[in-house]
Amino acid sequence: MATKSLKARHNELAEKNEQLKILNGGIFEEGELPYFKDKIGLTGHFPLRPKKLEIFQINLGYMCNQVCEHCHVDAGPDRKEIMTRETMQYCLEVIRNTGAHTLDLTGGAPEMNPDFRWFVEEAAKAGIQDFIVRSNLTIIRANKKYHDLPEFFKKHNVHVVSSMPHYTRGKTDKQRGDGVFDKSIKALQELNAVGYGLPDSNLKLDLVYNPSGAFLPGDQVAMERDFKKALKEDFDIQFHNLFAITNLPISRFLDYLIASDNYEDYMYALVEAYNPMAVENVMCTNTISVSWDGWLYDCDFNQMLDLKVDSKIKHIKDYNEDILNDRDIIISQHCYGCTAGAGSSCQGTVA
Amino acid sequence: MAKSYYDPADLRKFGKITEWSEEIGTKFFDYYGKVFEEGALSAREKSLIALAVAHVVKCPYCIDAYTKDGLQKGITKEEMMEAVHAGAAIESGATLVHGVQMMNKYDKLSM
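Labelled according to an unreviewed UniProt entry, chain B appears under the name 4-carboxymuconolactone decarboxylase, originating from Maribacter luteus.

Chain A has the name Radical SAM/Cys-rich domain protein in an unreviewed UniProt entry, where Maribacter luteus is given as its organism. Check the Cofactor (unreviewed entry) section of the UniProt entry for chain A; it says "[4Fe-4S] cluster".

Spelled out as structure tokens, the structure:
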């Protein structure tokens, strides 16, 4: 298991252009598989255009206490990119005026940003309907200063969305690192203890499932049923919904696919599972993603490929929702990850 | 023409069998799809049965397909291996139960 980011390892895939070269070349360039642009063109979805903005997703930084094998952010303890309070001020200004009903904070581990709590307090005052923090769970147990996070989340009625690749120790630790499973279980129990995830509780606790390997997620409803049964029986843990998310072929997951000789098969699987119904609701059509340094992207994946929005508004400090919404969404072959099967987004399936 | 009988990439072409016999090919795939839907048995249980049978009929395509299908459904490797043993036990049992026929014949022919 790697303990450093691709960037710290000076891996060539830490370069965004190298990733795009792979995604645009090989089986796609040779015509074995169709480009995403041509595929969505067949059903009249090209160019892909935004609908009403609903989700404002902010990446507070790439620093993380974990180094997960599949991480599309290439996050880890060695990443120093962190959103400053100045950029947060720009974000707050937008949050107060945006038509979006959901604010989605992500990272890295967003809690590791030194201004995280200040930002949550200020953003909570803006009275957004659904206020999500994507927590990796282990951060709650990583250091004493994070132990009270469940209480802090509760105070601000934060909707907690947490990663949990499997309900067994072996699969979880293989993807996310040794000891992650036990710490995650403990963190979930602590969230339950303050009222998160209980039936009828308005303190929402959802789990995110990513496959731990070169395969697509199964049926979200069936997976949720299995997770609920196992976590309740084995650990007396409860949660609300399970989001099944497909791993997109970028960053560390792309590195894994290539190193394990699974890249071509995985791309075939994504293209074969292409579902035009999923294109209708793909998350870039209702989301704006903001990077730690304030740049705007169609989604978190485009952020990691440094594909900034195709608009004259490219930075949070110049934010104008009307101008921004009148744009074509930037796509490449990684987008097949969001349109496979029942579709995939940060909120789970879309079709 | 390939120099070996099995090529993993051929699995992707399975659907093409309909091209040479469209009606019955299509009927087969409709039936196949229906069989593996949730029913009195869950799709998860059926996936494990398919994996066990895949081993018994020694179909490399099916083994690849249902190992991947099991992973997608969150089935653990311990569950998969137990399913393979269930198939193997039936297969070896089917051989061994013929031992009774052998015993019957032996007894009949012996004084």
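J.: Before we go on, may I ask you to explain the state of the cysteines in this structure?
T.: What the rule picks out here adds up to one disulfide over all chains. Between the sulfur atoms of C59 of chain B and its disulfide partner C62 of chain B the distance amounts to 2.3 Å. Residues C59 of chain B and C62 of chain B share a disulfide whose torsion about the S-S bond is about 75 degrees; that sign makes it right-handed. For C59 of chain B, a relative accessible area of 17% puts it in the buried group. In this structure C62 of chain B comes out as partly exposed when scored by relative accessible area, which is 26%. There is no disulfide at C64 of chain A, and the cysteine sulfur nearest it, in C68 of chain A, is 6.3 Å away. Relative accessible area serves as the criterion here: at 8%, C64 of chain A is assigned to the buried category. Its sulfur unpaired, C91 of chain A is 16 Å from the next cysteine sulfur, which belongs to C346 of chain A.

J.: Help me understand the interface of chain B and chain A in this model?
T.: A common way to express how large an interface is: the accessible area buried when the components associate. Taken residue by residue, the interface counts 11 residues in chain B and 18 residues in chain A. Looking at the side of chain B facing chain A, the largest losses of area belong to R12, L71 and Q72 of chain B, adding up to 52% of the total buried there. Summed over the shared surface of chain B and chain A, the number is three salt bridges. For D226 of chain A, the salt bridge identified is with R44 of chain B, shortest N-O distance 3.4 Å. Broken down by element, the side of chain B that touches chain A gets its largest block of residues, three residues, from helix α3 (residues 60-72) of chain B.

J.: Teacher, can you tell me more about the sheet that holds strand β5 (residues 205-209) of chain A here?
T.: The strands that make up a sheet pair up through hydrogen bonds in the backbone, lying either parallel or antiparallel. Residues and elements named next belong to chain A. Taken in spatial order, the eight strands line up as β6-β5-β4-β3-β2-β1-β7-β8 in an open sheet, and their pairing is mixed. With partners counted over all chains shown, the strands left at the sheet margins are β6 (242-244) and β8 (296-297), one partner each. The pairing of strand β1 (residues 55-59) with strand β7 (residues 287-290) spans four bridges and is classified as parallel. Bridge assignment links I58 to a residue of β7, and that residue is V290. Sheet strands in contact with helix α10 (residues 220-235) are β5 and β6, and its direction is about 135 degrees off that of β6.

J.: How should empty space enclosed by the protein be read in this particular structure?
T.: Empty space among the atoms becomes apparent when a probe as large as a water molecule is rolled across them. Residue and element names in this part refer to chain A. Evaluation of the coordinates by the stated rule reveals two cavities of 30 Å³ or more. Here the largest cavity is characterised by a volume of approximately 590 Å³. Lining the largest cavity are 31 residues, with H70, H72, T106, S163 and N210 sitting closest to its centre. The set of elements that each furnish at least two residues to the lining of the largest cavity consists of β3 (130-135), β4 (159-163), α11 (251-259) and α14 (300-304). Grouping the constituent residues of the lining of the largest cavity by class yields 14 nonpolar, 13 polar and four charged. Its volume calculated, the second largest cavity comes out at about 120 Å³. In this structure, the second largest cavity is lined by 17 residues; those nearest its centre are V282, C284, C299, C335 and C338. Looking at the lining of the second largest cavity, its residues break down into 13 nonpolar, three polar and one charged.

J.: Sorry, what's going on with the pattern of salt bridges here?
T.: Side chains that differ in charge, positive against negative, can pair when their charged atoms come close. Residues and elements named next belong to chain A. Considering all chains together, one arrives at 29 salt bridges over all chains under this definition. Taking the shortest distance from any N to any O, the salt bridge between K229 and E233 comes out at 3.5 Å. Residue K229 and its partner E233 are located together in helix α10, separated by four residues, close to a single helical turn. Residues joined in a network through salt bridges with shared partners are K7, D74, R79, E81 and R252.

J.: Honestly, a negative patch on the surface in this entry has me stumped. Any pointers?
T.: Judged by side-chain charge, E29, E30, E32, D261 and E264 of chain A come together as a negatively charged surface patch. Its location among the elements puts E30 of chain A in the loop between α2 (26-29) and α3 (36-41).

J.: What exactly am I supposed to notice about helix α4 (residues 77-109) of chain B here?
T.: Since there are 3.6 residues in each turn of an α-helix, residues three or four apart along the chain are aligned in direction. Residues and elements named next belong to chain B. Over its 33 residues, α4 extends 48 Å from the first C-alpha to the last, a length consistent with the 48 Å expected when each residue adds 1.5 Å. Of all the residues in α4, the buried ones are M80, A83, V84, G87 and G99. Tucked into the core, α4 has its buried residues touching α2 (43-56) and α3.

J.: Help me understand the confidence of the model for chain A, please; the structure alone is not making it clear to me.
T.: In low-pLDDT regions, the fine details of the predicted coordinates are not to be read closely. Per-residue confidence for chain A gives a mean pLDDT of 93, with 99% of residues at or over 70. Of all secondary-structure elements in chain A, the lowest mean pLDDT belongs to helix α8 (residues 169-176) of chain A, at 76, while β8 of chain A reaches the highest, 98.

J.: Can you help me understand the nonpolar core in this one?
T.: Soluble, globular proteins show a tendency: their nonpolar side chains are buried together. Grouped together as the largest cluster of nonpolar side chains are 110 residues, with contacts concentrated most on F56, I58, L105, F119, F153 and F227 of chain A. If sequence neighbours within four positions are ignored, F227 of chain A has contacts with M164, P165, H166, Y167, L207, Y209, F239 and L242 of chain A. L48, A50, Y66 and I75 of chain B belong to the second-largest nonpolar core, a separate cluster that totals nine residues.

J.: Looking at this structure, I do not really get the layout of surface pockets. What am I missing?
T.: Approximately 540 Å³ is the volume found for the second largest pocket. The set of elements that each furnish at least two residues to the lining of the second largest pocket consists of α8 and α11 of chain A together with α3 and α4 of chain B. The element contributing the most residues to the lining of the second largest pocket is α8 of chain A, with four residues. Considering only residue class, the lining of the second largest pocket consists of five nonpolar, eight polar and five charged.

J.: Teacher, can you tell me more about the side chain of R252 of chain A here?
T.: Following the sequence through the fold, R252 of chain A ends up in helix α11. Setting aside chain neighbours within four positions, we find R252 of chain A in contact with S5, L6, R9, V67, C68, E69, H70, C71, D74 and A75 of chain A.

Rules used throughout
- Residues numbered from 1 in each chain as written.
- Chains lettered and ligands numbered in written order.
- Predicted model: local features only at pLDDT ≥ 70, side-chain atom pairs only at ≥ 80, totals over all residues.
- Heavy atoms only, no water.
- UniProt positions renumbered as here; feature names shortened; annotations may be inferred.
- Disulfide = S-S within 2.5 Å.
- Buried < 20%, exposed > 50% of the residue type's maximum accessible area, 1.4 Å probe, protein only.
- Contact = heavy atoms within 4.5 Å.
- Buried area = accessible area lost by both parts, 1.4 Å probe.
- Salt bridge = Lys/Arg side-chain N within 4 Å of Asp/Glu carboxyl O.
- Helix = DSSP H or I, 4+ residues; strand = E, 2+ residues; numbered from the N terminus.
- Pairing = 2+ DSSP bridges.
- Axes fitted to C-alpha atoms, helices over the stretch in contact; angles between N-to-C directions.
- 1 Å grid on protein atoms, 1.4 Å probe; cavity = no way out; pocket = protein on both sides within 12 Å on 5 of 7 lines; lining within 4 Å.
- Points joined across faces, edges and corners; volume = space filled by probe spheres on them.
- Nonpolar A, V, L, I, M, F, W, Y, C, P; charged D, E, K, R; others polar.
- Patch = residues over 30% accessible without salt bridge, like charges linked within 9 Å, V, L, I, M, F, W, Y side chains within 5 Å.
- Areas by Shrake-Rupley, 256 points an atom, 1.4 Å probe, with all protein chains shown as cover.
- Lys, Arg positive; Asp, Glu negative; His and termini not counted.
- Charge placed at Lys NZ, Arg CZ, Asp CG, Glu CD.
- Expected span 1.5 Å × (residues − 1).
- pLDDT = per-residue confidence, 0-100.
- Core = buried A, V, L, I, M, F, W, Y, C linked by side-chain atoms within 4.5 Å.

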